[in-house]
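Examination of the molecular architecture
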Amino acid sequence: MRAAILGRHGEDLQGLQVAVLGVTPEVVGLAWPLASTIRAFDHSADMVRKVWRPHPTLASEVCLADWSGLPLASGSVDVFAGDNSLGALPTFVTCQNVLRELHRVLKRSGTLCLRCFIAPEVPESFASISEDVAHGRVLSFHALKWRLAMALCTGPDQNVVVHRIFQCFESVFPDRLALARMTGWSAEVINTIDVYRDSDTVYTFFTIASLRRLAMPWFSVQSIQYPDYELAARCPTVTLVPHASVAP
Ligand SMILES: C[S@@+](CC[C@H](N)C(=O)[O-])C[C@H]1O[C@@H](n2cnc3c(N)ncnc32)[C@H](O)[C@@H]1O
């Protein structure tokens, strides 16, 4: 993320105005350029209380706000950054409202840089996911969880209510002990799925095509960089740049 941003703004640039979408500590705490100011925005007081950590060396603050109505002047931010921020929005319309607002606040020379969880263009079947687990082709429980979640996003908004991920896991893998024996995953890790049991939160898993299409009125995709861990193809860092002007 840092490399993508500095690639656009220059290694030597100082004093960036950075806005973080959410309070992800790894994004807030990046080695941002000297004299940068970091403001994080999240609408959940609970998340702010539990997760927010100020930057260790730079000026930073957190603000309770919805990304579709930020308390920031137009054209005042150099960089928006976030970890799966758009994926935390429940519908395509919400996402469009947020992208419109980010475009208003971002300088025309600015950058929107997001790690995104991207679903395959053709959804996987639960049978093929289960077969991959049985053949040792799924290395971590979290990769399994995201694959099931993405396979559930077949509707027009490519979204899923989080408790459905729990229900799907329970129906595809009813025997947790057998799953633990087959994969070597600890019960402690597998049981993290229980957090999803009653959650009404909605996640959206865009495809690259749907993300480009939604962003198109305000942003172009400048680059897509892939990491080197499991499910790399589904966890790219996407760098978007704002259009100079937009249709009214
Ligand atoms: C940044 S996202 C993703 C965090 C984590 N890295 C992940 O991948 O699950 C999660 C955060 O977004 C916040 N959030 C979701 N929708 C929001 C919105 N419309 N405005 C402000 N914050 C929002 C949630 O409160 C939550 O703290």
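Of regular secondary structure, the protein chain possesses 10 helices and 9 strands. Over its C-alpha trace the protein chain gives a radius of gyration of 19 Å, about what one expects of a compact globule, namely 18 Å for 248 residues. By its C-alpha atoms, the protein chain is 55 × 40 × 30 Å across when sized along the principal axes. Buried positions account for 46% of the 248 residues belonging to the protein chain. Residue pairs in contact within the protein chain that sit at least 24 positions apart in sequence constitute 67% of those at least 6 positions apart. When the accessible surface of the protein chain is summed, it comes to about 11800 Å², and 55% of that surface belongs to carbon and sulfur atoms. If you average the places of the 21 positive and of the 23 negative side-chain charges in the protein chain, the two averages end up 4 Å apart.

So, on to the sheet that holds strand E2 (residues 37-42). Read from one edge of the open sheet, 7 strands run E3-E2-E1-E4-E5-E9-E8, paired in mixed fashion. Every interior strand has two partners, whereas the edge strands, strand E3 (59-64) and strand E8 (219-225), have only one. Strand-to-strand twist of the sheet, defined as the mean angle between neighbouring strand axes without regard to direction, takes the value 20°. Across the sheet, helix H4 (residues 92-105) is in contact with strand E1 (17-21), strand E4 (77-83), strand E5 (106-115), E8 and strand E9 (237-242); its angle to E5 comes to roughly 135°. The strands touched by helix H10 (residues 208-215) within the sheet are E8 and E9, with E8 carrying the most contacts at an inclination of about 150°.

This paragraph deals with the site of the ligand. The immediate surroundings of the ligand are formed by 16 residues, with Asp42, His43, Met47, Trp67 and Asp83 found nearest. Within the side chain of Asp66, a nitrogen or oxygen atom sits 3.3 Å from a nitrogen atom of the ligand. Within the contact set of the ligand, a nitrogen atom lies 2.6 Å away from a side-chain nitrogen or oxygen of Asp83. Across the complex, the protein chains shield 82% of the 600 Å² of accessible surface that the ligand would expose by itself.

Time to look at the domain arrangement of the protein chain. Assigned domains of the protein chain: these are domain 1 (2-118 + 206-242) and domain 2 (126-204). Inter-centroid distance (C-alpha atoms) of domain 1 to domain 2 is 27 Å. Taken together, the 14 residues of domain 1 in the interface contact 15 residues of domain 2. Across the domain 1 to domain 2 interface the summed buried area is about 1200 Å²; carbon plus sulfur atoms make up 55%. The tally of links between domain 1 and domain 2 comes to 0 salt bridges. Across the contact surface, domain 1 and domain 2 share 8 residue pairs in polar contact (both at pLDDT 80 or more).

The subject of this paragraph is the side chain of Arg147. Mapped onto the elements, Arg147 comes out in helix H6 (residues 141-151). Since its relative accessible area comes to 7%, Arg147 is described here as buried. Beyond its immediate stretch of four places on either side in the chain, Arg147 contacts Glu124, Ser128, Ile129, Asp132, Arg137, Val138, Leu231 and Arg234.

With that out of the way, let us pick up the layout of surface pockets. In this model, the largest pocket occupies a volume close to 860 Å³. Elements represented by at least two residues in the lining of the largest pocket include exactly helix H3 (45-51) and H4. Of the residues assigned to the lining of the largest pocket, the class counts are 15 nonpolar, 9 polar and 4 charged. Volume-wise, the second largest pocket comes out at about 270 Å³. Around the second largest pocket, the lining is made up of 13 residues, and of these Met1, Asp83, Arg115, Tyr229 and Thr237 lie nearest the centre.

Parameters at a glance
Residues numbered from 1 in each chain as written. Predicted model: local features only at pLDDT ≥ 70, side-chain atom pairs only at ≥ 80, totals over all residues. Heavy atoms only, no water. Helix = DSSP H or I, 4+ residues; strand = E, 2+ residues; numbered from the N terminus. Rg over C-alpha atoms; globule rule 2.2 N^0.38 Å. Buried < 20%, exposed > 50% of the residue type's maximum accessible area, 1.4 Å probe, protein only. Contact = heavy atoms within 4.5 Å. Areas by Shrake-Rupley, 256 points an atom, 1.4 Å probe, with all protein chains shown as cover. Lys, Arg positive; Asp, Glu negative; His and termini not counted. Charge placed at Lys NZ, Arg CZ, Asp CG, Glu CD. Pairing = 2+ DSSP bridges. Axes fitted to C-alpha atoms, helices over the stretch in contact; angles between N-to-C directions. Near = heavy atom within 4 Å. Polar contact = N/O pair within 3.5 Å; in protein donor to acceptor, adjacent residues only side chain to side chain. Domains from an automatic or database assignment. Buried area = accessible area lost by both parts, 1.4 Å probe. Salt bridge = Lys/Arg side-chain N within 4 Å of Asp/Glu carboxyl O. 1 Å grid on protein atoms, 1.4 Å probe; cavity = no way out; pocket = protein on both sides within 12 Å on 5 of 7 lines; lining within 4 Å. Points joined across faces, edges and corners; volume = space filled by probe spheres on them. Nonpolar A, V, L, I, M, F, W, Y, C, P; charged D, E, K, R; others polar.

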